[in-house]
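# Notes for the structure review
Now for the letters of each chain:
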Amino acid sequence: MKAFGTEVEVWLLCSCCVRNAVALVFLYRLPWKYNSEMKEEIVMSSNKQLIDKLHEKKGLTKDEWIQLFESYTEEDRLYAAEKARAVADSVYGKDVYIRGIVEFSNVCPNNCLYCGLRAGNKNIDRYRLDEDDIMECCRDGYKYGFRTFVLQSGEDPHFTTEMICRIVKRIKEEFPDCAVTLSIGEKSYEDYKAYRDAGADRYLLRHETANEEHYKKLHSESMSWQNRIRCLRDLKSLGYQVGCGVMIGSPYQTSECLADDMIFMGEFKPEMIGLGPFLPHSDTPFRDEPKGSYETTLFMISLCRLMLPEALIPATTALGTIRGNGREQGVLAGANVIMPNLSPVQVRDKYMLYDNKICTGDSSSECRGCIENRMESIGYKVVISRGDHKKL
Ligand code: SF4
């Protein structure tokens, strides 16, 4: 209305003066100026409206997601972060859960194009921990207050189903008050069932992208998006607390891909969501690709928190790698989990999914102390707890 009013006023004034040529210039220029300013205003307020809608309805349409990712401003991001933090506080208070990761093998037969552990990387020094080493890591972690152990590896065929089940059982027997999370890749339904029967509580398997075409550009031909999604659905059906997640800013990712991710997660309702920026590894085909956006990663954390208030969302090591205080900012954007490393220090620099990973030289006690201080500095506290999903 404002632009229209201005347009009419200018036209009338100029008609009186019979200076049509000047009027036409005014007509062309003034409304254009007003329209472009107004458009900017409309987009900004509309992004906030979309964030409010997400908060209230727990979902958006695909076009709305795309609009958000394509046009969000720093102000929008902070607006979403404030709301997301309030939501996280209302569900989990000021508590931050810690999970101790034991990276027990960096052997993998797959060739994901972004990953430093890929089989095609001949510059990596491969290692495996044995069962006693793994138990020792857990004992160390238990001493420092960890009540969840995350067993993570490449898809190493050396570790048979029986071996994984035996390790899970040993941990559950020695630490009955602890949760065991597995993060060992794509397996059959029967394998997942066996691990679950052995006592595994949770499973992390990032879907990486919910857009099938995009998935193909990140993985070798031997891997398929359908199988990844089949795995996630199997895990859900077996009663695991399931974590999926996305690499933000991976090569070929578009706003539409991110919209697909949000829609997928809104439907799948994972109990855990891992979100980290893409960081290139120098021994992979993506070595020269740019890093993912720190800001978009934080924005995604906030959007996920608004969509799934009870989700367990880590402020990832990748976030702390791309920015010194990235994990603190992740928590302030709505995350509520930190996952320090419990692996023996001598193998940590061999488990490099991407370059320059932080905390590879710190002992478990140093990691624990560092995280505690970082959380206290922003008004949060690390708690000694399994930290289960609130709905379970
Ligand atoms: S992302 Fe996982 S499956 Fe792919 S190469 Fe790396 S460790 Fe193997």
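What counts and how
Residues numbered from 1 in each chain as written. Predicted model: local features only at pLDDT ≥ 70, side-chain atom pairs only at ≥ 80, totals over all residues. Helix = DSSP H or I, 4+ residues; strand = E, 2+ residues; numbered from the N terminus. Contact = placed C-beta atoms within 7 Å. Pairing = 2+ DSSP bridges. Axes fitted to C-alpha atoms, helices over the stretch in contact; angles between N-to-C directions. Buried ≥ 20, exposed ≤ 12 C-beta atoms within 10 Å, placed from the backbone. Core = buried A, V, L, I, M, F, W, Y, C linked by C-beta atoms within 7 Å. Expected span 1.5 Å × (residues − 1). Parallel < 35°, antiparallel > 145°, perpendicular 65-115°, else oblique. Left-handed = near helix turned anticlockwise from the far one by under 90°. Nonpolar A, V, L, I, M, F, W, Y, C, P; charged D, E, K, R; others polar. Near = placed C-beta within 6 Å.

In this section: the overall build of the protein. The helix and strand inventory of the protein stands at 15 helices and 9 strands. Of the contacts formed within the protein by residues at least 6 apart in sequence, a portion of 77% connects residues at least 24 apart.

Once that is clear, we can look at the sheet that holds strand 2 (residues 100-105). Ordered by their spatial adjacency, 6 strands build an open sheet running 2-3-4-5-6-7, and the pairing between neighbours is parallel. Bordering the open sheet on either side are strand 2 and strand 7 (272-277), each of which pairs with just one other strand. Averaged over all neighbouring strand pairs, the angle between strand axes comes to 20 degrees, with direction disregarded. Two strands pair when backbone bridges link them, and strand 6 (residues 241-248) and strand 7 are joined in this way by 6 bridges, in the parallel orientation. Opposite Gly243, over in strand 7, you have Met272 as the bridge partner.

Turning to the environment of Asp133, a few remarks are in order. Position of Asp133 among the secondary structure elements: in helix 5 (residues 131-143). Exposure remark for Asp133: the 15 C-beta atoms within 10 Å place this residue in the partly exposed category.

This paragraph deals with the nonpolar core. Counting residues in hydrophobic clusters, the biggest one holds 99 residues, and the most contacted among them are Val102, Leu151, Leu303 and Cys304. Of all the elements, helix 11 (residues 294-307) adds the most residues to this core, at 8 residues.

A few words on helix 10 (residues 255-268). For helix 10, built from 14 residues, the straight-helix expectation of 20 Å at 1.5 Å per residue is met to within 8% by its first-to-last C-alpha distance of 20 Å. Those residues of helix 10 that fall on the buried side of the exposure criterion are Leu258, Ala259, Asp260, Asp261, Met262 and Met265. Each element contacted by the buried residues of helix 10 is listed here: helix 3 (62-71), strand 6, strand 7 and helix 11. Directly after helix 10, the chain includes Lys269, whose backbone phi takes a positive value near 55 degrees.

Let's shift gears to the packing of helix 4 (residues 74-92) against helix 11. Direction vectors running N to C along helix 4 and helix 11 enclose 45 degrees, while the axes themselves pass 8 Å from each other. For the element pair helix 4 / helix 11, the angle class is oblique. Considering only the axes of helix 4 and helix 11, their crossing is left-handed. Contacts from Arg77, Ala80, Ala81, Lys83, Ala84, Val87 and Ala88 of helix 4 reach helix 11 at Glu295, Leu298, Phe299, Ser302, Leu303, Arg305 and Leu306. Each residue belonging to the contact of helix 4 with helix 11 can be placed in one class, and the counts come to 9 nonpolar, 1 polar and 4 charged.

The full set of residues close to the ligand is Cys108, Asn110, Cys112, Cys115, Leu117, Arg118, Gly154, Glu155 and Gly185. When grouped by side-chain class, the residues that make up the shell around the ligand number 4 nonpolar, 3 polar and 2 charged.

Keep in mind these values describe shape, not function.
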